[in-house]
Every structure is written in C-alpha cells, then in structure tokens.
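Per-entry structural report
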Amino acid sequence: MKNYVERLNQTLIKISTGKIDEIIKILIKANIEERQIFVIGNGGSAATSSHFITDLGKGSSDKLSKPFRCISLNDNIPWITALGNDYSFEDIFLRQLQNFARPGDILITMSVSGNSPNLIKAFEWAKSNNLETIAFVGGNKGKLVNMAKYVVVIDSQHYGIVEDAHMVISHLICYAFMEHPEIVQ
C-alpha cells in the first residue's frame with residue numbers, strides 16, 4: 001500500500017499545472033459562450049466521466065452566475081446499449097455526439113490507453129465537426145495524444161494510478177470554479 005501511495009504522489013507531482021490552467025480557460029470560455037461540454041470514457045474512466053460532470057454541473061455551477069452545459073455520454077445505459085446493439089460498441093459516443101454536438105462545443109475524454117476504438121471514432125468526428133478536443137491519457141499515450149488539441153499525459157502505465165490522477169485533475173478543474181467563481185467574468 002505504501003508503495004502505491006508513493007508512486008501515486010510521484011506521478012501527481014509531474015502533472016503540468018499549466019495544461020490544467022489552459023483547460024480551465026477553455027471551460028471558462030465554454031461557460032460564457034454557453035457551449036456544451038461532453039465527457040466520455042470506458043470502465044473506470046466512465047465512472048470518472050460521470051463524477052467529473054456531477055461536480056462540474058452541480059458543485060461548480062452552483063457558484064457561477066450561469067451553470068455549465070455539460071453531460072457525460074456514459075450515463076444513459078438504455079441508449080448506449082441500443083447503439084451498441086444496433087450499430088456497434090465503437091459508435092456509442094459518436095452517435096450521441098451526432099445528436100447533440102455543435103461546432104464550438106467541447107469533447108473531453110479520460111483514457112488510460114488512449115486507444116479505445118469508441119473514443120477514437122468520437123474524436124475523429126469531433127475534429128471534423130469543429131469541436132474543441134481534450135484528452136487525459138496515461139503514459140502509453142495512444143492515438144488520442146495526436147488527435148486531441150489539448151492533452152494531459154499522466155506519466156504512468158499503472159491503470160489505478162492513471163485513473164486516480166484523472167480524478168485529481170477533474171477535482172482540480174471543478175474546485176477552481178467552486179473556490180474562485182470570479183474567474184468566470
């Protein structure tokens with residue numbers, strides 16, 4: 001256990017706070033312009049996606065003059081299973097984006113591997129439809145590192161540590177708004 005905590009601490013220290021600040025500025029602009037923010041992930045990253053949107057849409061939004069327009073595309077299980085069954089699991093996020101997303105909206109993912117086919121398809125569509133793209137990935141980086149406009153790489157290949165770091169980043173972003181709502185003018 002002590003080794004895990006030490007490895008996690010060493011990984012967290014290496015996260016670029018400059019990149020987090022850049023993402024916060026993108027979200028400030030999204031709030032001002034009333035852009036939609038979509039977050040996606042698989043497995044543990046799906047849970048982080050849901051948690052992040054809960055904090056951004058409720059906790060952060062409670063402190064602002066207008067709430068974030070945000071949704072995790074992981075949360076409608078009947079729709080996800082219908083899309084996976086009738087089309088392909090690779091299309092579960094793409095098809096939802098086609099229904100909701102507009103140019104200027106934001107697509108964010110958390111992915112340890114950076115190579116999940118359903119995330120890749122969603123990012124390809126997002127890029128070709130002028131969405132801002134943000135990816136939090138693990139040390140293997142994967143294809144998403146070259147697809148997303150803004151990337152935060154967690155310097156670890158340990159799934160638990162990368163997922164923990166993604167949650168910390170989510171909290172860093174949300175608490176920037178909760179503790180300093182004046183950043184949105």
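Quick caveat: nothing in here was measured; it's all calculated off a predicted structure.

1. Overview of the sheet that holds strand S5 (residues 150–153)
Ordered in space as S2-S1-S3-S4-S5, the five strands form an open sheet in which the pairing is parallel. The strands lining the two open edges of the sheet, one partner per strand, are strand S2 (69–72) and S5. The mean inter-strand angle of the sheet, taken between neighbouring strand axes irrespective of direction, is 15 degrees. Both strand S3 (residues 106–111) and strand S4 (residues 132–137) contribute to a ladder of six bridges, which runs parallel. The residue of S4 that forms the bridge with Met-110 is Phe-136.

2. Some words on the pairing of S3
Buried residues dominate S3, accounting for six of its six residues. Burial of S3 is two-sided: the residues Ile-106, Ile-108 and Met-110 facing one way and the residues Leu-107, Thr-109 and Ser-111 facing the other way are all buried. In this fold, S3 hands off to helix H6 (residues 117–128), which returns the chain to S4; that crossover is right-handed.

3. Looking at the side chain of Ser-170
Here Ser-170 is to be found in helix H8 (residues 159–179). Take Ser-170: its relative accessible area is 0%, and that puts it in the buried class. In contact with Ser-170, not counting residues within four places along its chain, are Thr-48, Phe-52 and Met-110.

4. Examining the pattern of salt bridges
Summed over all chains, the structure comprises six salt bridges. Of the charged contacts in the structure, one is a salt bridge between Lys-66 and Glu-34, with a shortest N-O distance of 3.4 Å. Of this pair, Lys-66 sits in the loop between helix H3 (44–62) and S2 while Glu-34 sits in the loop between helix H2 (17–32) and strand S1 (36–40), and the two are 32 residues apart along the sequence. Of the residues examined, Lys-66 reaches a relative accessible area of 24% and is grouped as partly exposed. For Glu-34, a relative accessible area of 47% translates into the label partly exposed. Of the charged contacts in the structure, one is a salt bridge between Asp-62 and Lys-58, with a shortest N-O distance of 2.5 Å. Taken together, the positions of Asp-62 and Lys-58, both in helix H3 and four residues apart, correspond to about one turn of that helix.

5. Considerations on the environment of Arg-35
Assignment of secondary structure puts Arg-35 in the loop between H2 and S1. The class of Arg-35 is partly exposed, set by a relative accessible area of 27%. Each C-alpha atom of the pair Arg-35 and Asp-105 lies 5.1 Å from the other, and the pair is 70 residues apart in sequence. Contacts of Arg-35, omitting those with residues within four sequence positions, involve Ala-30, Arg-69, Pro-103, Gly-104 and Asp-105.

6. A word on the pairing of S2
Of the two faces of S2, the one lined by Cys-70 and Ser-72 is fully buried and the one lined by Arg-69 and Ile-71 carries no buried residue. Both S1 and S2 contribute to a ladder of four bridges, which runs parallel. Within the sheet, the bridge partner assigned to Ile-37 lies in S2 and is Cys-70. The parallel pair S1 and S2 is bridged by H3, and the resulting crossover is right-handed.

About the thresholds
- Residues numbered from 1 in each chain as written.
- Predicted model: local features only at pLDDT ≥ 70, side-chain atom pairs only at ≥ 80, totals over all residues.
- Heavy atoms only, no water.
- Pairing = 2+ DSSP bridges.
- Helix = DSSP H or I, 4+ residues; strand = E, 2+ residues; numbered from the N terminus.
- Axes fitted to C-alpha atoms, helices over the stretch in contact; angles between N-to-C directions.
- Buried < 20%, exposed > 50% of the residue type's maximum accessible area, 1.4 Å probe, protein only.
- Right-handed = clockwise from strand over helix to strand, strands pointing away.
- Contact = heavy atoms within 4.5 Å.
- Salt bridge = Lys/Arg side-chain N within 4 Å of Asp/Glu carboxyl O.

As far as function goes, none of this settles anything; it's purely spatial.
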